[in-house]
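Examining the three-dimensional arrangement
Take a look at the letters that make up each chain.
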Amino acid sequence: MSDSEPTLELRVHRGGNAVLTERLTRELYAELNEFEDVVMRYAPPAPPGENSKSAVADAVTLWAFLSTAATVTGTVLVQAIKTWAEAKRCTVRLTIGDAEIELPQGLDDAQERVIVKLLEERRS
């Protein structure tokens, strides 16, 4: 897997407050960086365009990289993100390949299985 192809992109959303969103994103980065087999990076900022708010939002996008040999499973990673989001009362938007999924509070088991399956497929 190359540096340009993260296993997972994550964006934190909390009520449109840019400062709070960035702080929460940094907290999520630290939380997930604790996993031995997960490499976290901040995505490069988007080039400035017509909409400057878009560039600000992209500046707090996280990339998670998992090797195919990683012992951390998709289930463990999704559970960690879900638990963190519930504790912080925010939404985390995941992008796995072409799929974009929002981890709302109260994610049910079926939705979680779909996310884990997409994540595991992306890793392999």
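Only a predicted model underlies this, so the values are computations on that prediction, with no experimental measurement involved.

Basis of the calculations
- Residues numbered from 1 in each chain as written.
- Predicted model: local features only at pLDDT ≥ 70, side-chain atom pairs only at ≥ 80, totals over all residues.
- Heavy atoms only, no water.
- Helix = DSSP H or I, 4+ residues; strand = E, 2+ residues; numbered from the N terminus.
- Axes fitted to C-alpha atoms, helices over the stretch in contact; angles between N-to-C directions.
- Parallel < 35°, antiparallel > 145°, perpendicular 65-115°, else oblique.
- Left-handed = near helix turned anticlockwise from the far one by under 90°.
- Contact = heavy atoms within 4.5 Å.
- Nonpolar A, V, L, I, M, F, W, Y, C, P; charged D, E, K, R; others polar.
- Buried < 20%, exposed > 50% of the residue type's maximum accessible area, 1.4 Å probe, protein only.
- Pairing = 2+ DSSP bridges.

Some details on unusual backbone geometry
Although it is not a glycine, arginine 89 sits at a positive phi angle of roughly 55°. With respect to the helices, strands and loops of the structure, arginine 89 is situated in the loop between helix H3 (74-88) and strand S4 (91-96).

Notes on the packing of H3 against helix H4 (residues 109-123)
Relative to each other, H3 and H4 sit at 130°, their axes nearing to 9 Å. Judged by the inter-axis angle, H3 sits oblique to H4. Between H3 and H4 the crossing geometry is right-handed. For the pair H3 and H4, the contacting residues are Gly74, Thr75, Leu77, Val78, Gln79 and Lys82 in the first and Glu112, Ile115, Val116, Leu119, Glu120 and Arg123 in the second. The residue inventory of the contact of H3 with H4, partitioned by class, reads 5 nonpolar, 3 polar and 4 charged.

What about the pairing of strand S3 (residues 62-66)?
Most of S3 is tucked away, with 5 of its 5 residues classed as buried. A two-sided burial pattern is seen for S3, the buried positions comprising Leu62, Ala64 and Leu66 on one face and Trp63 and Phe65 on the other. Examined bridge by bridge, strand S2 (residues 38-42) and S3 share 5 bridges and lie antiparallel to one another. Residue tyrosine 42 lies in a different strand from S3, and its bridge partner there is leucine 62.

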